[in-house]
Amino acid sequence: MSEPVIKCEAVYKIFGENAKKMLQESNGNVDAKTFQENGCIVGVNNASFEVSKGEMLVVMGLSGSGKSTLLRCISRLTDATGGKIFIEGQDLLQLNNKELIELRRNKMGMVFQSFALLPHKTVVENIAFPLQIKGIKTEDSISKAMDMVKLVGLDGRENYFPRELSGGQQQRVGIARSLAVEPDIWFLDEPFSALDPLIRKEMQDEFLRLQDKLQKTIMFITHDFDEALKLADRIAIMKDGIIEQLDSPANIVLNPATEYVRKFTEEVPREKVLLIQDVMDPSTTDNLGDLKVLKDEIIENVAEKILTQEKAVAVIDNNNKIVGSINPTKIINTVFGGRKNSN
Amino acid sequence: MEFVKKYPKLFQWLFLLVVFFALCFAIDVPETYKFIRGQAEFVKDPNQSSFVFLGKEVRYYAFDVFWRLPPLLGWLPIWINDSLFFLMNEWMPIEFWNEDTQEYRTRPLVLQISRNLTAFMTFLIELIREILLGGLETIVAFTSWDWIDKNPWAELPGLPWTIVAAGSSILAYKLSGKGLALFAGLVMVYISIFGQWKPSMQTLSFILVAAPLSFIFGLGLGVAAFKSKRIEKALYPILLVMQTMPQYAVLVPALVLFGVGDHAAVIITMVVAVPPMILLTILGLRAIPPEVIEAGRMSGCNNWQLMFKVLIPTARRDILIGVNQVIMVCFSMAVISAFIGAKGLGFNLLLALNQLNIGLALEAGLCISLIAILLDKMSLAWANKQTDYFGNLTFYQRNKNILFFAATVIIGIVLAYIGTFLFKGDYNYLFEVPHNKGISTADFWNKGVDWIFDTFFVYIKAFNTWLIQDVLQPMRALYLRMPAVATIVLVVGAGYLIGGIRSALVVCGLTLFIALSPWWDRALVTAYMATFGVVVSCIIGFTVGTLCFQNKHSASFMLGVCDIFQTFPSFVYLIPVMMLFGITDTSVLIAVIVYATIPATRYTIEGLRSVPAGLHDAATMSGVNKFQRLTKIEFPLAFPHMMLGLNQTIVFALFMVIIGAFIGTEDLGQYILKALSDKKGAGIGFTLGICVAFIGLIFDNLIRTWVDKRKKHLGID
């Protein structure tokens, strides 16, 4: 496999005056309580993970769990207290200021929860801002920004000021701005949390459409578990600065690693999240009915069909090859009985 | 006892008052005490006591310590003065090359710095002045007097007034649109026709140097303070004192350091105008959401880009208020600095006031105010300006303003040239309307004033006499009757009750400084005048503000009126009151009241407006009527903000009281004014200024502490 785009090795972020010294003394065993007694607050505690090219990692956690801090360490808006961060093999913490600015100008884009638009600039000026900072001519940057305006569907509003736009529209500007320099890595810090539920759903769909087209490497922060399930390739669940579990959505739902994670999964409608392949029996049996279902179908879509069958149903892949089977009882167990299993 | 437990604060205040009055009655007025007027304080008198400190002899009239503290700080002004003298004349002599005499000379460092600064400022002012009015000193600065004698053509002719008028109109059009363009044109034409061209352009050239420099320095220091905690901590106390220091008081030390003239005026103006700019810059930068800064960083800004493309534009609102303040202070100083020889409208205004020529003063004052409003509006428009990227403009459209201006310049020159034929031997009115040849309404106003005097003399006099005899004199006597110890106990007690021990100590220090200075009596007179002004201003301001708030349009209208009134230089307020009341304390007090009512009104409306809409709805649903809503909901919530208004009112009132010394009052201001003409006045003027600033700061500290507590209690911001 090619090199991961983002790679973190034992990243710590501890706020406080003696943070660095205390971290060294603790030998990597950071206990939030002892640190707090000494006036330090642990933001990120021993985070190690990789994000590969084109993958979307969603970091989920409640407020104060350190998810935004983790993102800020990786974008180096704050400096990590300990550990190593590699962006495309480059050691991020070793970069000097100039190299860091170069990296941000060319490789990174970020979207913020409160949009963080510049109030004195119009939509198109906001979007063109990173380009102009890079030193691109006004004409070129504006025409590029206009492309982005079209991409996020704000045509006709390019001369509006942020204050004249709705929340959803403002975040479209934020998204367009972060994409203007065509970054490889895209950071999104709770981009939809400040929006109404309906708009949020619309923006999520829009976001998936964009990602389908652009295939960026993404770190997406959210406190909404449903949002994480909907968008993620992989999910990292954080609590008190520690990554409790990092896995695919299906595995998190089926095999929560800790009690904390399990609580989140309890209320999740599994049939909407899990795919057939997540619950199928890969050892093919002979006694299969005529019905065939695709392995990456969401359970909800095919459950009715399967439940009408008496025999096990064949699961096929895209090449029409049988890769496993599933029987109706399994569906019923997954949808209704799953919660007991984990007890 | 139940009652005491229920209202502990009230009881504590009552107790404080009782102690205060007990002290007042217990301490008798010494038989020898009398309020000393004028120069008598400097006369050597065998009854005086004296002490020597740091080699300076201080003479004073000794009283019972409880009645008046001895002026233990009496050596301070002398000492400041001597230090200043030492710095200017003896400290660190350096060698420098003298161009004129072609030899090395020695001069003290500070003097040399001051001379260089002076030369630089003078050059800037002369440059603009000579572009506007013509002259040869700028050219001489680059060449020499001999050269200009040989080449008389090089003398700058100055722009004809038509070009300046049309130019400012075009600039206004480019910045804002037709409305402002029309206003700019009218103002310029008015100035020209009424023969105020030359002084106006002199004032303008002064402002065009002082305002941008103050803006740049203020912004720079504000940014520095924002970036470094240490710089902020060092600046903060200076800023606080400067905010309440009367502008007069800065004049005197500047006189010593920089001499007399426009350059000194510019430096003084910067000293006064920079602090509010710094404060507002810091305020604006603080209020920027952290995510906006992060967004800037993630866009790949370096520190420079972050500051100029993200931080400063985002904080634009507060920085603009700062610009506004700078312009306001500059115009205010344009008048005040006439005392140290600044030319222009301010000088004419002072002269006219001195001669009691109200008409002339009115014309000059009107011109200053008009230019102030114009510049204020133009700076606002400039900051709000937008670029159009999509208009597919032709060369003509893109450059039409420049083309228009070029055309105007040609037409203006042609007109001026034609003028030389039209007005042969006479003044060329198409070039410049001279001061005495314009239309003057002065006579009309003077006659008006005379008429008012003749017609209403009896009533005005009666009012005047009543006010002075039945209100002001007793009030003044009461203030002077307060023993020093009682006053200190009252102030410190109030500080303790409001802000605890810390506040009490701060307030105690400030009061002690005044009490130990040689001018306690004068400070009491200042306090009495300011108190009277503040009380009346607040009554008017709170009432007017509350009434105007009842209707959305009248509230906006009133705020607009406040804006305009605030742009008037403070001296202008003296003109109409002198028209009516002549040279009396009443005039000063009415000017104080008019001037100080502005912040009282403004803050009342703003405070009432800031009450959240949700609360209004909740109140309405609880079935309150208009009056109940006002007293139960709006006043309690708006009160902290209104108190900040009171704070501003006090500062404004103190400023005006000090300026009122020009008319002739017996407070600290009179001494500051006197120090201006005193060779050893620098120390005195400065110390007096600090005394006034401290009076302001005592109230500032008490009110702010109270407001902060109250706001926390109410859970507002």
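Residues numbered from 1 in each chain as written. Chains lettered and ligands numbered in written order. Predicted model: local features only at pLDDT ≥ 70, side-chain atom pairs only at ≥ 80, totals over all residues.

Draft legend 1. Spotlight on the overall build of chain A. Along chain A, the regular secondary structure elements total 15 helices and 13 strands. C-alpha extents for chain A along the principal axes are approximately 65 × 55 × 40 Å. A burial count over chain A gives 44% of its 343 residues as buried. In chain A, the share of contacts with a sequence separation of at least 24, taken over all contacts with a separation of at least 6, comes to 65%. (Helix = DSSP H or I, 4+ residues; strand = E, 2+ residues; numbered from the N terminus. Buried ≥ 20, exposed ≤ 12 C-beta atoms within 10 Å, placed from the backbone. Contact = placed C-beta atoms within 7 Å.)

Draft legend 2. The arrangement of the overall build of chain B in detail. Scanning chain B from N- to C-terminus turns up 29 helices and four strands. On C-alpha atoms alone, chain B measures out to a radius of gyration of 28 Å, which is about the 27 Å that the 2.2 N^0.38 rule sets for 717 residues. Counting across all 717 residues of chain B, residues that qualify as buried make up 42%. A separation of at least 24 residues holds for 74% of the contacts in chain B among residues at least 6 apart in sequence. (Rg over C-alpha atoms; globule rule 2.2 N^0.38 Å.)

Draft legend 3. Looking closely at the domain arrangement of chain A. Residue and element names in this part refer to chain A. Looking at chain A, the domain boundaries give domain 1 (53-72 + 96-269) and domain 2 (271-341). Of note, the centres of domain 1 and domain 2, computed from C-alpha atoms alone, are 34 Å apart. The interface is formed by eight residues belonging to domain 1 together with seven residues belonging to domain 2. Per element, the largest residue contribution to the side of domain 1 that touches domain 2 is four residues, and it comes from helix 10 (residues 249-254). When its residues are assigned to classes, the side of domain 1 that touches domain 2 shows seven nonpolar, no polar and one charged. (Domains from an automatic or database assignment. Nonpolar A, V, L, I, M, F, W, Y, C, P; charged D, E, K, R; others polar.)

Draft legend 4. Region of the structure containing the sheet that holds strand 5 (residues 90-91) of chain A. Residue and element names in this part refer to chain A. Taking strand neighbours across the sheet as the criterion, the four strands line up as 2-1-4-5 in an open arrangement whose pairing is antiparallel. The open sheet has two free edges, formed respectively by strand 2 (41-51) and strand 5, since each of these has just one partner strand. Both strand 4 (residues 82-87) and strand 5 contribute to a ladder of two bridges, which runs antiparallel. In the strand pairing of strand 5, isoleucine 87 is matched with glutamine 90. (Pairing = 2+ DSSP bridges.)

Draft legend 5. Structural view of the interface of chain B and chain A. Taken residue by residue, the interface counts 18 residues in chain B and 19 residues in chain A. Within the residue set of the side of chain B that touches chain A, elements represented by two or more residues are helix 13 (290-298) and helix 14 (303-314) of chain B. In terms of residues, the side of chain B that touches chain A owes the most to one element, helix 13 of chain B, which gives six residues.

Draft legend 6. Spotlight on unusual backbone geometry. All names here are of chain A. With a phi angle near 70°, phenylalanine 115 is a residue other than glycine that sits in the positive phi range. Secondary-structure assignment places phenylalanine 115 in the loop between strand 6 (108-111) and helix 5 (123-134). Positive phi values are uncommon outside glycine, yet glutamate 182 reaches one of about 50°. Within the fold, glutamate 182 resides in the loop between helix 7 (167-179) and strand 7 (185-189).

Draft legend 7. Looking closely at the nonpolar core. Within the largest apolar cluster, 284 residues are counted, with the highest numbers of intra-cluster contacts made by Ile127 of chain A together with Cys330, Val592, Met656 and Ile672 of chain B. In this structure methionine 656 of chain B touches Ser570, Tyr573, Ala591, Val592, Tyr595 and Ala596 of chain B, once residues within four positions along its chain are discounted. (Core = buried A, V, L, I, M, F, W, Y, C linked by C-beta atoms within 7 Å.)

Draft legend 8. Main features of the environment of isoleucine 139 of chain B. Residue and element names in this part refer to chain B. Along the polypeptide, isoleucine 139 turns up in helix 5 (residues 137-142). Under the C-beta neighbour-count criterion, isoleucine 139 is labelled partly exposed, with 16 such atoms within 10 Å. Distance from isoleucine 139 to leucine 127, taken between C-alpha atoms, is 8.9 Å for residues 12 residues apart in sequence.

Draft legend 9. Structural context of the sheet that holds strand 12 (residues 312-316) of chain A. All names here are of chain A. What the three strands build is an open sheet, ordered 11-12-13; its pairing is mixed. The sheet is open, and its two borders are formed by strand 11 (288-294) and strand 13 (322-326), each paired with just one other strand. The average undirected angle you get between the axes of adjacent strands in this sheet is 35°. In this structure, strand 12 lies alongside strand 13, joined through four bridges in antiparallel fashion. Looking at the pairing, valine 315 lines up with glycine 324 of strand 13. (Axes fitted to C-alpha atoms, helices over the stretch in contact; angles between N-to-C directions.)

Draft legend 10. Quick look at the pairing of strand 1 (residues 49-53) of chain B. With zero of its five residues buried, strand 1 of chain B lies for the most part at the surface. Joining the antiparallel neighbours strand 1 of chain B and strand 2 (residues 56-60) of chain B is a turn of two residues, in which leucine 54 of chain B adopts a positive phi near 55°.

Draft legend 11. Molecular detail of helix 4 (residues 97-106) of chain A. Here helix 4 of chain A has its buried residues at Ile101, Leu103, Arg104 and Arg105 of chain A. Residues of helix 4 of chain A that are buried in the fold lie against strand 4, strand 6 and helix 5 of chain A together with helix 13 of chain B.

Draft legend 12. Up close: the domain arrangement of chain B. Residues and elements named next belong to chain B. For chain B, the domain assignment lists domain 1 (93-154), domain 2 (194-384) and domain 3 (521-714). The C-alpha-based centres of domain 1 and domain 2 are spaced at 26 Å. Each side of the interface is counted separately: domain 1 has 11 residues, and domain 2 has 15 residues. Of the residues that constitute the side of domain 1 that touches domain 2, the class distribution is seven nonpolar, three polar and one charged.

Draft legend 13. Fine view of helix 10 (residues 229-244) of chain B. Residues and elements named next belong to chain B. In this model, helix 10 (16 residues) spans 23 Å end to end at C-alpha, consistent with the 22 Å of a helix rising 1.5 Å per residue. At leucine 235, helix 10 is deflected by roughly 35°, the largest bend along its length, and proline proline 237 occurs up to four residues later in sequence. Along helix 10, the positions that sit buried rather than exposed are Leu235, Met242 and Thr244. If you follow the buried residues of helix 10, they end up packed against helix 9 (197-227), helix 12 (262-286), helix 27 (626-659) and helix 29 (681-714). (Expected span 1.5 Å × (residues − 1). Bend = angle between axes of the 7 residues up to and from the residue.)

Draft legend 14. Expanded view of the pairing of strand 4 (residues 103-108) of chain B. Residues and elements named next belong to chain B. Buried residues are scarce in strand 4, accounting for zero of its six residues. As paired strands, strand 3 (residues 93-98) and strand 4 are joined by six bridges and run antiparallel to one another. Bridge assignment links tryptophan 97 to a residue of strand 4, and that residue is tyrosine 104.

Draft legend 15. Focus on the environment of phenylalanine 15 of chain B. Mapped onto the elements of the fold, phenylalanine 15 of chain B is located in helix 2 (residues 8-26). Given 13 C-beta atoms within 10 Å, phenylalanine 15 of chain B falls into the partly exposed group.

Draft legend 16. Looking closely at the packing of helix 22 (residues 520-549) of chain B against helix 29 of chain B. Residue and element names in this part refer to chain B. At a minimum axis separation of 11 Å, helix 22 and helix 29 run at an interaxial angle of 45°. Classified by the interaxial angle, the pair formed by helix 22 and helix 29 is oblique. Our pair here, helix 22 against helix 29, has a crossing hand that is right-handed. Taking contact as the criterion, the partners of Ala523, Thr526 and Ala527 in helix 22 are, on helix 29, Cys691, Val692 and Ile695. (Parallel < 35°, antiparallel > 145°, perpendicular 65-115°, else oblique. Left-handed = near helix turned anticlockwise from the far one by under 90°.)

Draft legend 17. Structural detail: the environment of phenylalanine 686 of chain B. All names here are of chain B. Here phenylalanine 686 lies in helix 29. Take phenylalanine 686: there are 25 C-beta atoms within 10 Å of it, and that puts it in the buried class. The spacing of phenylalanine 686 and valine 458 is 228 residues in sequence and 42 Å in space, taken between C-alpha atoms. In this view, phenylalanine 686 contacts Ile80, Ala249, Val252 and Pro253; residues no more than four positions away in its chain are not counted.

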